[in-house]
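Residue-level listing of the chains:
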Amino acid sequence: MLAIHAVPAFKDNYIWVLEDGANAVAVDPGDDEPVRKFLERTGLRLAAVLATHHHADHVGGLPALAQRWKCPTFGPAHEVAARLDRRLAEGDRITVPGLGIELGTLDIPGHTAGHIALYGDGMVFCGDTLFTCGCGRLFEGTPPQMVESLAKLARLPRDTRVYCGHEYTLANIRFAEAVEPGNRALAQRKARDAARRDRGEPTVPSTIAEELATNPFLRCEEPEVVASAESHAGRRLKDRVEVFAEIRAWKNNF
Ligand SMILES: [Zn+2]
């Protein structure tokens, strides 16, 4: 039986550790120390490291973990990240060492140029592309790329659990409310997730269904989102890419 743990790192990163009671796999270890401590405490053996994109807060701990555990590392084909044994791009499938589960790969550029998502077994690891109730900043990509990447993720089965790289949910919900104040699912989500944070629990994972219902960046064709974006822009916006670009720029200064 697979268990998934949120191992906190830095201020608000999550390193996801999958384990079956004997073997563990770390996703996006920006720092090796929290993973090392987790493994010491649990007595698990690290069997692989997976990475979604090249930012240091996602791969900074990868070399030390790979060295210590002599385990294989998997990451994006189209980015320069140190010490990757296997480079993955859209359509590639892997059997995760130690755990035996199968994961597929999606290319999801936008936050970074070669960002990938790994999905399967009812989960998706999407790094800094789709966030719970938000999306990543466009450091290396364009709005059309990000809209397409988010659409790919949104097409995963609706009960897919969304494991993103940061705990940003409550701040994201505050922005989503500004964009779509009439969304009742958003109000319900806010109450539930605020209670989780009060208890010191992660609000991640969510599900694709929940993101479709509440995440403004997946709702760029909803009339209220379009109206808010046009009001903020002070002009008509011609399609969902323009709506997306407007609310992404709005959020940057929110
Ligand atoms: Zn990043």
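Quick caveat: nothing in here was measured; it's all calculated off a predicted structure. (Residues numbered from 1 in each chain as written. Predicted model: local features only at pLDDT ≥ 70, side-chain atom pairs only at ≥ 80, totals over all residues. Heavy atoms only, no water.)

Participant: Please clarify how unusual backbone geometry should be interpreted in this entry.
Facilitator: Most peptide bonds take the trans form, and the phi angle of most residues other than glycine is negative. In this chain, V204 is followed by P205 through a cis amide linkage whose omega measures 5°. Looking at where P205 falls in the secondary structure, it is placed in the loop between helix 6 (184-198) and strand 14 (206-207). (Helix = DSSP H or I, 4+ residues; strand = E, 2+ residues; numbered from the N terminus.)

Participant: Before we go on, may I ask you to explain the pattern of salt bridges in this structure?
Facilitator: Pairing is possible between side chains that carry opposite charge, provided their charged atoms lie close to one another. In total, this model carries 22 salt bridges according to the counting rule given. E210 is paired through a salt bridge with R189; the nearest N and O atoms lie 3.8 Å apart. In this pair, E210 sits in helix 7 (residues 208-214) while R189 sits in helix 6, placing the two residues 21 residues apart along the sequence. Assigned by exposure class, E210 and R189 land together as buried. Close ionic contact of R189 with E211 constitutes a salt bridge, the shortest N to O distance being 2.8 Å. (Salt bridge = Lys/Arg side-chain N within 4 Å of Asp/Glu carboxyl O. Buried < 20%, exposed > 50% of the residue type's maximum accessible area, 1.4 Å probe, protein only.)

Participant: Would you take a moment to explain the pairing of strand 13 (residues 161-164) for this structure?
Facilitator: A regular strand places its side chains on the two faces of the sheet in alternate fashion. The pairing of strand 10 (residues 123-127) with strand 13 spans four bridges and is parallel. From the neighbouring strand, M123 faces strand 13, where its bridge partner is R161. Two strands pair when backbone bridges link them, and strand 13 and strand 14 are joined in this way by two bridges, in the antiparallel orientation. Directly across from V162, in strand 14, lies its bridge partner S206. (Pairing = 2+ DSSP bridges.)

Participant: In this structure, what is going on with the coordination of the zinc ion? I would like to understand it.
Facilitator: Ideal donor angles around a metal are set by the shape: a four-donor tetrahedron calls for 109.5 degrees, a six-donor octahedron for 90 or 180 degrees. Note on the zinc ion: its protein donors are H53 (NE2), H55 (ND1), H111 (NE2) and D128 (OD). The metal-donor distances range over 2.2 to 2.3 Å. In this structure, the zinc ion is coordinated by four donor atoms arranged in irregular fashion, with angles at the metal of 89 to 166°. Accessibility expressed as a relative area gives 3% for D128, which makes it buried. (Donors = N, O, S within 2.8 Å, 3.2 Å for Na, K, Ca; no water. Tetrahedral: all angles 85-135°; square planar, octahedral: opposite > 155°, others 65-115°.)

Participant: Sorry, what's going on with the sheet that holds strand 3 (residues 23-27) here?
Facilitator: One open sheet accounts for six strands, arranged 1-2-3-4-5-6; its pairing is mixed. Unpaired on one side and paired on the other, strand 1 (3-9) and strand 6 (86-88) mark the two borders of the sheet. When strand polarity is set aside, the average angle formed by the axes of neighbouring strands in this sheet is 25°. Bridge analysis of strand 5 (residues 73-76) against strand 6 gives three bridges, and the strand direction is parallel. (Axes fitted to C-alpha atoms, helices over the stretch in contact; angles between N-to-C directions.)

Participant: What is the right way to look at the packing of helix 8 (residues 223-233) against helix 9 (residues 240-252) in this model?
Facilitator: Helix packing for two helices is described by the angle between their axes and how far apart those axes are. Put simply, helix 8 and helix 9 touch, their axes get as near as 9 Å, and they point 65° apart. For helix 8 against helix 9, the interelement crossing comes out left-handed. Residue-level inspection shows V225, V226, S228, A229, H232 and A233 of helix 8 in contact with helix 9, the latter providing V243, E246, I247 and W250. Split into classes, the residues belonging to the contact of helix 8 with helix 9 amount to seven nonpolar, two polar and one charged. (Left-handed = near helix turned anticlockwise from the far one by under 90°. Contact = heavy atoms within 4.5 Å. Nonpolar A, V, L, I, M, F, W, Y, C, P; charged D, E, K, R; others polar.)

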